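Report on the structure
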Amino acid sequence: IRLVTEQMLSDTRSEVAFERFVAGWMDLDKEIGSPDLSDALKADMKEETMRFVKAIFFNNGSYNDLMTADYSYMTSRLANHYGLPWSGGNDWQQVFYSGDNSERRGVLGHASVLTIQSAQEKTHPVKRGLFVRKNLMCQEFPPPPLGAALDPESDPSQGVRYRFETAHAQPGCDTCHQYIDGIGFGLESYNSFGQLVRTELTEDGSELDINASGYIGSLNSAETFLSSSAPVFDYQGLDQLVGLIADSSHGKSCFARQWFRYANGRRESNEDSCTVQGFSEDFKSQDDVSLKDLIIDFTQTRNYTLRK
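Quick caveat, the model's predicted, so the values are computed rather than measured.

Scanning the protein chain from N- to C-terminus turns up 15 helices and six strands. Taken against the 2.2 N^0.38 rule, which gives 19 Å for 308 residues, the C-alpha radius of gyration of the protein chain at 20 Å falls within 12% of a compact globule. Its C-alpha atoms put the protein chain at 65 × 50 × 30 Å along the principal axes. In the protein chain, buried positions account for 51% of the 308 residues. Sequence-distant contacts, at least 24 apart, represent 67% of the contacts inside the protein chain between residues at least 6 apart.

As structure tokens, this is what we get:
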């Protein structure tokens, strides 16, 4: 089976199946709703993420490459959107982050992710924090309690962070938001279009400096579980955040779970726990195991070979 799988993955037709996985995992099937962005730029944003993840996968890249790479693939239109220099030409090119964008890293630094996980004209720390927790760390949350105020405070003189902090100060909110908000706050340097910014404009027209200090906990608790007693790490900048996720026990284990869910067309059950943990053991414990190796290892499991 291993040899057949390797042969199939070398066929260009395998890219179609992998694209479906990437689209679901990265929420690329969701609309980029902002009317201030052209349709062509929105398409470039999604295509960037697709090309980047596929390049990592089909070139035997690792999970660390996926999360911490200091480059991506862009058109001149997208590079201009980021404020990055363009070397000329009209085709897609590999572009390294530089200048103000030097802290941008991996898939989490893509405009597609940062824009989709925003409100139409404002950033949304909760959406961004939930994306990291659910899509990149496989940690789930219950729906908000009945009676909870779901909209942040609307003081027009205050910035996004203050409004969310105030809204979530009500009793009971910290049960979940202690895990979510600190991630979203640390991404406030990227506006609702995924561009790096240092200030924000309030609803009353004031310009405020952005406080983009973040914090993240429950990085190494039991798989998929959240622990309020686990250490909380402060970070500054996207590069530090993705480094913490890449080095955590949750990041790699979640990628393996996401592939299991895609390949099986369902979420894992308690009976699948040995399979999920077993086929990803090397992937989680060794830095040089590629994403492709993980997918091949999955085809060696009894859950795969003996399924009906």
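Right, picking up where we left off after that structure.
Turning our attention to unusual backbone geometry. In this structure, Asp27 takes a positive phi of about 60° despite not being glycine. A positive phi is found at Ser218, a non-glycine position, where the angle reads about 50°. Tracing the sequence through the fold places Ser218 in the loop between strand 5 (213-217) and strand 6 (232-236).

So, on to the packing of helix 1 (residues 2-9) against helix 14 (residues 291-298). Contact geometry for helix 1 and helix 14: axes closest at 9 Å, N-to-C directions at 135°. Overall, the two elements helix 1 and helix 14 adopt an arrangement that is oblique. When the axes of helix 1 and helix 14 are compared, the crossing they make is right-handed. Residue-level contacts link Arg2, Thr5, Glu6 and Leu9 of helix 1 to Lys292, Ile295, Ile296 and Asp297 of helix 14. Residues of the contact of helix 1 with helix 14, tallied by class, amount to three nonpolar, one polar and four charged.

Here we take up helix 8 (residues 160-167). Residues of helix 8 that are buried include every one of Val160, Arg161, Arg163, Phe164 and Ala167, and no others. All buried residues of helix 8 fall inside an arc of 165° around its axis, so they share one side.

We now examine the state of the cysteines. If you walk through the whole model with that rule in mind, you get one disulfide. Each disulfide pairs two cysteine sulfurs, and for Cys138 the partner residue is Cys254, the sulfurs being separated by 2.1 Å. Since a negative S-S torsion denotes a left-handed disulfide, the Cys138-Cys254 link at about 80° is right-handed. Note that Cys138 is positioned in the loop between helix 7 (125-136) and helix 8 and Cys254 in helix 11 (residues 249-264), a separation of 116 residues in sequence. When sorted by exposure, Cys138 lands in the same class as Cys254, which is buried. The thiol sulfur of Cys173 is not disulfide-bonded, and the nearest other cysteine sulfur, from Cys176, lies at 8.9 Å. For Cys173, a relative accessible area of 11% gives the class buried.

The next thing to look at is the nonpolar core. In a soluble, globular protein the nonpolar side chains are often hidden away together inside. Among the nonpolar cores identified, the biggest contains 68 residues, and Leu66 and Phe255 are the most heavily contacted of them. If you tally residues by element for this core, the top one is helix 3 (residues 39-58), at nine residues. In this structure, Phe255 is in contact with Phe21, Trp25, Tyr63, Leu66, Phe283, Leu291, Leu294 and Ile295, ignoring residues within four places of it in sequence. One finds Phe164, Cys176, Tyr179 and Ile180 within the second-largest nonpolar core, a separate group that totals eight residues.

This part covers the pairing of strand 1 (residues 71-74). Because side chains alternate across strand 1, one face comprises the buried residues Tyr71 and Tyr73, and the other comprises Ser72 and Met74, equally buried. Of the strand pairs in this sheet, strand 1 and strand 2 (residues 93-96) are connected by four bridges, and their pairing is antiparallel. Counted as the bridge partner of Tyr73 is Gln94 from strand 2.

We now examine the side chain of Glu48. The topology assignment puts Glu48 in helix 3. One buried charge, Glu48, has no salt-bridge partner; the nearest side chain with opposite charge is Arg104, at 7.1 Å.

Moving on to the pattern of salt bridges. Under the criterion given, the structure shown has 15 salt bridges. Between Lys54 and Glu15 there is a salt bridge whose closest N-O contact spans 3.1 Å. Of this pair, Lys54 sits in helix 3 while Glu15 sits in helix 2 (residues 14-25), and the two are 39 residues apart along the sequence. Between Asp27 and Lys30 there is a salt bridge, and its shortest N-O distance comes to 3.4 Å. Overall, Asp27 belongs to the buried group, its relative accessible area being 11%. The class for Lys30 is partly exposed, based on a relative accessible area of 41%.

Each value, and the rule that gives it
- Residues numbered from 1 in each chain as written.
- Predicted model: local features only at pLDDT ≥ 70, side-chain atom pairs only at ≥ 80, totals over all residues.
- Heavy atoms only, no water.
- Helix = DSSP H or I, 4+ residues; strand = E, 2+ residues; numbered from the N terminus.
- Rg over C-alpha atoms; globule rule 2.2 N^0.38 Å.
- Buried < 20%, exposed > 50% of the residue type's maximum accessible area, 1.4 Å probe, protein only.
- Contact = heavy atoms within 4.5 Å.
- Axes fitted to C-alpha atoms, helices over the stretch in contact; angles between N-to-C directions.
- Parallel < 35°, antiparallel > 145°, perpendicular 65-115°, else oblique.
- Left-handed = near helix turned anticlockwise from the far one by under 90°.
- Nonpolar A, V, L, I, M, F, W, Y, C, P; charged D, E, K, R; others polar.
- Arc of directions from axis to C-beta.
- Disulfide = S-S within 2.5 Å.
- Core = buried A, V, L, I, M, F, W, Y, C linked by side-chain atoms within 4.5 Å.
- Pairing = 2+ DSSP bridges.
- Lys, Arg positive; Asp, Glu negative; His and termini not counted.
- Salt bridge = Lys/Arg side-chain N within 4 Å of Asp/Glu carboxyl O.

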